[in-house]
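Residue strings, one per chain:
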Amino acid sequence: GDITTIGAIDLDNASHTDIDLAGNVTITSEGTDITLGSAGAGDELDGAFNLSLLAGAGDIELPRIGDTTAPTGLTTTSAAVTVHNTVNVAGPVAVTATDLVDIDGAITTTGANGDIVIRHDTVGSVDIDADITAGRGIDIITGFGSITMDDVTLTAQNDLSLAADD
């Protein structure tokens, strides 16, 4: 089921976090952090369902996603988002932040609706240090900040756009 709280959500176990989605899930924190995992090799999230993470003014940290069973969609909205490890989704990915989007793990989508949208809405930055592969299109949009990529390959089956949205 869905989770809504006014406090931070921290599901990151120090040694191993294993989250298996059993249905479509929306996790909402009222302006505080959502941590589902870290850069640790044992942190994973799997399940053939949609996952929405809404942290408002809080930050979101994501573990390895879809290593065994890819979710059918991933949506995040927060102040900052950190993708620590690989993300595989059998559908669309929408990452929105007002401060920082930090992509340290490769993101891959598959399927006819496998779009990837990475959006930064205000002053801050989008920092991509891993490959992004979309089953459909890729849109990377920044408000008044910057888009930084280091040794990255962007692969889209349809449209690819990098834009400043001022």
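Residues numbered from 1 in each chain as written. Predicted model: local features only at pLDDT ≥ 70, side-chain atom pairs only at ≥ 80, totals over all residues. Heavy atoms only, no water.

Engineer: Just checking my understanding: could you explain the overall build of the chain for this structure?
Structural biologist: Along its length, the chain carries zero helices and 20 strands. Its C-alpha atoms give the chain a radius of gyration of 15 Å, within 12% of the compact-globule value 15 Å for 166 residues. With respect to the three principal axes, the spread of C-alpha positions in the chain is 35 × 30 × 25 Å. A burial count over the chain gives 43% of its 166 residues as buried. Long-range contacts, defined as pairs at least 24 residues apart, comprise 32% of the intrachain contacts of the chain with a sequence gap of at least 6. When the accessible surface of the chain is summed, it comes to about 7,300 Å², and 48% of that surface belongs to carbon and sulfur atoms. (Helix = DSSP H or I, 4+ residues; strand = E, 2+ residues; numbered from the N terminus. Rg over C-alpha atoms; globule rule 2.2 N^0.38 Å. Buried < 20%, exposed > 50% of the residue type's maximum accessible area, 1.4 Å probe, protein only. Contact = heavy atoms within 4.5 Å. Areas by Shrake-Rupley, 256 points an atom, 1.4 Å probe, with all protein chains shown as cover.)

Engineer: Would you explain the nonpolar core in this entry?
Structural biologist: Across soluble globular proteins, nonpolar side chains show a tendency to be buried alongside one another. Counting residues in hydrophobic clusters, the biggest one holds 33 residues, and the most contacted among them are Leu36, Leu51, Leu62 and Ile118. Top contributing element to this core by residue count: strand E12 (residues 93–103), with five residues. Residue contacts for leucine 36: discarding those within four places in its chain leaves Leu11, Thr17, Ile19, Ile27, Leu45, Leu51, Leu53, Glu61, Leu62 and Pro63. (Core = buried A, V, L, I, M, F, W, Y, C linked by side-chain atoms within 4.5 Å.)

Engineer: Would you take a moment to explain unusual backbone geometry for this structure?
Structural biologist: Working note: non-glycine residues mostly have negative phi, and peptide bonds are mostly trans. In this structure, aspartate 151 takes a positive phi of about 55 degrees despite not being glycine. Relative to the helices and strands, aspartate 151 resides in the loop between strand E18 (146–149) and strand E19 (154–156).

Engineer: What exactly am I supposed to notice about a negative patch on the surface here?
Structural biologist: On the surface, a cluster of negative charge is contributed by Asp104, Asp129, Asp131, Asp150 and Asp151. Residue classification places aspartate 129 among the partly exposed residues on the basis of a relative accessible area of 32%. (Patch = residues over 30% accessible without salt bridge, like charges linked within 9 Å, V, L, I, M, F, W, Y side chains within 5 Å. Salt bridge = Lys/Arg side-chain N within 4 Å of Asp/Glu carboxyl O. Lys, Arg positive; Asp, Glu negative; His and termini not counted. Charge placed at Lys NZ, Arg CZ, Asp CG, Glu CD.)

Engineer: Looking at this model, I keep getting lost on the pattern of salt bridges. Mind explaining?
Structural biologist: A side chain of one charge can pair with a side chain of the opposite charge if their charged atoms are brought near each other. Under the criterion given, the structure shown has two salt bridges. Between arginine 119 and aspartate 121 there is a salt bridge; the shortest N-O distance is 2.7 Å. Residue arginine 119 is classed as partly exposed on the basis of its relative accessible area, which comes to 24%.

Engineer: Would you mind going over the environment of leucine 11 with me for this structure?
Structural biologist: For leucine 11, the position within the fold is in the loop between strand E2 (9–10) and strand E3 (18–20). When the C-alpha atoms of leucine 11 and serine 38 are compared, they prove to be 9.9 Å apart, with 27 residues separating the residues in sequence. Leucine 11 has contacts with Thr17, Ile19, Thr35 and Leu36, leaving out every residue within four places of it along the chain.

Engineer: In this structure, what is going on with the pairing of strand E7 (residues 50–54)? I would like to understand it.
Structural biologist: Along any regular strand, the residues point their side chains to alternate faces of the sheet. By the bridge criterion, four bridges tie strand E4 (residues 25–29) to E7 in an arrangement that is parallel. Bridging across to E7, threonine 28 finds its partner in leucine 54. For E7 and strand E10 (residues 73–83), the ladder comprises five bridges, and the chain directions are parallel. From the neighbouring strand, leucine 54 faces E10, where its bridge partner is threonine 77. (Pairing = 2+ DSSP bridges.)

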